[in-house]
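So the chains spell out like this:
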Amino acid sequence: MSQISSTSNSAATSGAAFMVVASIVFAGTNVLQSVLPTPAEWGGFGMSSTGMAFWQYVIASILALPLILRIGLSNLRTRRPVAHEIRAFVSALGVHVFVYGFASGVPIWQMVTLLATGPLFIILGSALFLGERVSSARLAASIIGFVGAIIVSGVGTESLGWQALIPITAAALWAGTDVLTKYLARKGESPETMTISLLVLMTPNHLAILLVANALSGILPMGMAPGFPFALPDGTGLWLLLLLGALTAVAQYLLAFAYKVADATYLQPFGDLKVPLSGLVGWIALGQVPSQWFWVGAALIVAASAFIYWVENRGAPSRLQPA
């Protein structure tokens with residue numbers, strides 16, 4: 001019995017550690033994604049958001065080539081190519097929906113706040129499609145983390161229009177990607193296979209989405225069709241784009257390892273850490289000093305992560321094992 005508990009506790013620690021590090025890496029990508037599209041007169045590089053999303057995954061795929069060669073193509077074979085393709089398409093579509101939110105004029109605080117609905121979608125998807133047990137502790141931790149994310153975002157008094165559905169849709173799509181990642185992990189897919197398949201498949205899926213949007217430019221709402229804005233930035237901007245691609249590859253690899261050893265519903269509060277971490281990185285790298293509410297929200301998110309980790313390790317660590 002002690003051996004089982006020790007193994008489960010080790011899985012909990014490893015899964016939480018991978019997710020926390022992934023959150024730190026995602027915080028870095030969030031900062032870069034906010035800097036690269038900012039107009040040059042405001043201190044940015046004026047890169048197209050859709051072009052940035054495209055090149056981000058092209059670069060990540062290229063940087064993954066040494067890993068592919070080290071592992072060997074034979075080890076990347078899968079019996080579930082359709083699931084991998086659906087996962088990549090859903091993830092790519094989430095990127096473009098998110099970009100469209102900014103193009104539609106949705107305030108940044110609303111985007112950040114409403115993306116925090118992702119944990120609830122992950123819990124729902126994990127319970128319905130993966131059969132994971134949604135304990136009261138997991139649900140409470142996710143709700144506390146969600147409240148903390150709202151506080152961190154600095155919600156204002158602006159009213160929410162139909163545009164609020166845009167970041168909510170992006171959150172649901174990315175939650176679907178996380179649930180599919182856990183599904184593939186349960187079916188025995190290795191972290192290497194899941195990481196590289198996503199990186200490699202994202203580029204053609206980005207192109208397919210851009211082609212369809214361009215073809216439907218007369219039907220889609222204004223600003224929905226992104227065209228082909230693939231111009232690369234110069235100098236420092238190009239180096240930052242390369243860094244964005246590298247961080248993207250690292251973050252996806254860490255996520256795959258996290259979902260390999262622990263439940264999605266258990267890991268989600270640790271994933272919420274990327275909200276306050278993004279604020280901290282923005283403060284350090286860009287000089288964007290957070291408000292006093294940032295610290296309140298960050299404390300709630302950290303408390304939610306510490307709470308679920310303590311409960312799972314003290315109470316029933318075996319719940320971390322796949323059903």
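See above for the structure.
Quick caveat: nothing in here was measured; it's all calculated off a predicted structure.

Our focus in this paragraph is the overall build of the chain. Across its full length, the chain holds 13 helices and zero strands. Traced from its N-terminal end to its C-terminal end, the chain shows the element sequence α-α-α-α-α-α-α-α-α-α-α-α-α. A buried classification covers 48% of the 323 residues belonging to the chain. A separation of at least 24 residues holds for 85% of the contacts in the chain among residues at least 6 apart in sequence.

This brings us to a nonpolar patch on the surface. A cluster of nonpolar side chains, namely Leu120, Val134, Leu139, Ile143 and Val147, defines an oily patch on the protein surface of about 340 Å² accessible area. A per-element tally of the nonpolar patch places helix α7 (residues 136-153) first, with three residues. Locating Leu120 in the fold gives a position in helix α6 (residues 118-129).

Let us look at the nonpolar core. Met19, Leu255, Tyr259, Tyr266, Leu267, Phe270 and Ile308 are the most contacted members of the largest nonpolar core, which has 19 residues in total. Those residues in contact with Phe270 that lie beyond four places of it in its chain are Ala16, Met19, Val20, Ser23, Ser305, Ile308 and Tyr309.

What follows deals with the packing of aromatic side chains. Tallying each qualifying case throughout the model produces three aromatic pairs. With a centroid separation of 5.3 Å and 20° between ring planes, the pair formed by Phe18 and Phe257 is classed as stacked. Of this pair, Phe18 sits in helix α1 (residues 2-35) while Phe257 sits in helix α10 (residues 236-261), and the two are 239 residues apart along the sequence. The class for Phe18 is partly exposed, based on a relative accessible area of 28%. Taking the relative accessible area as the measure of exposure, Phe257 reaches 25% and is therefore partly exposed. Judged by centre distance (5.1 Å) and plane angle (75°), the ring pair of Phe54 and Trp55 falls under edge-to-face. For Phe54, a relative accessible area of 7% gives the class buried. Connected via pairs of aromatic rings, a cluster forms that spans Phe18, Tyr253 and Phe257.

Rules and cut-offs
- Residues numbered from 1 in each chain as written.
- Predicted model: local features only at pLDDT ≥ 70, side-chain atom pairs only at ≥ 80, totals over all residues.
- Heavy atoms only, no water.
- Helix = DSSP H or I, 4+ residues; strand = E, 2+ residues; numbered from the N terminus.
- Buried < 20%, exposed > 50% of the residue type's maximum accessible area, 1.4 Å probe, protein only.
- Contact = heavy atoms within 4.5 Å.
- Patch = residues over 30% accessible without salt bridge, like charges linked within 9 Å, V, L, I, M, F, W, Y side chains within 5 Å.
- Areas by Shrake-Rupley, 256 points an atom, 1.4 Å probe, with all protein chains shown as cover.
- Salt bridge = Lys/Arg side-chain N within 4 Å of Asp/Glu carboxyl O.
- Core = buried A, V, L, I, M, F, W, Y, C linked by side-chain atoms within 4.5 Å.
- Phe/Tyr/Trp six-rings, centres within 6.5 Å; stacked < 30°, edge-to-face > 60°.

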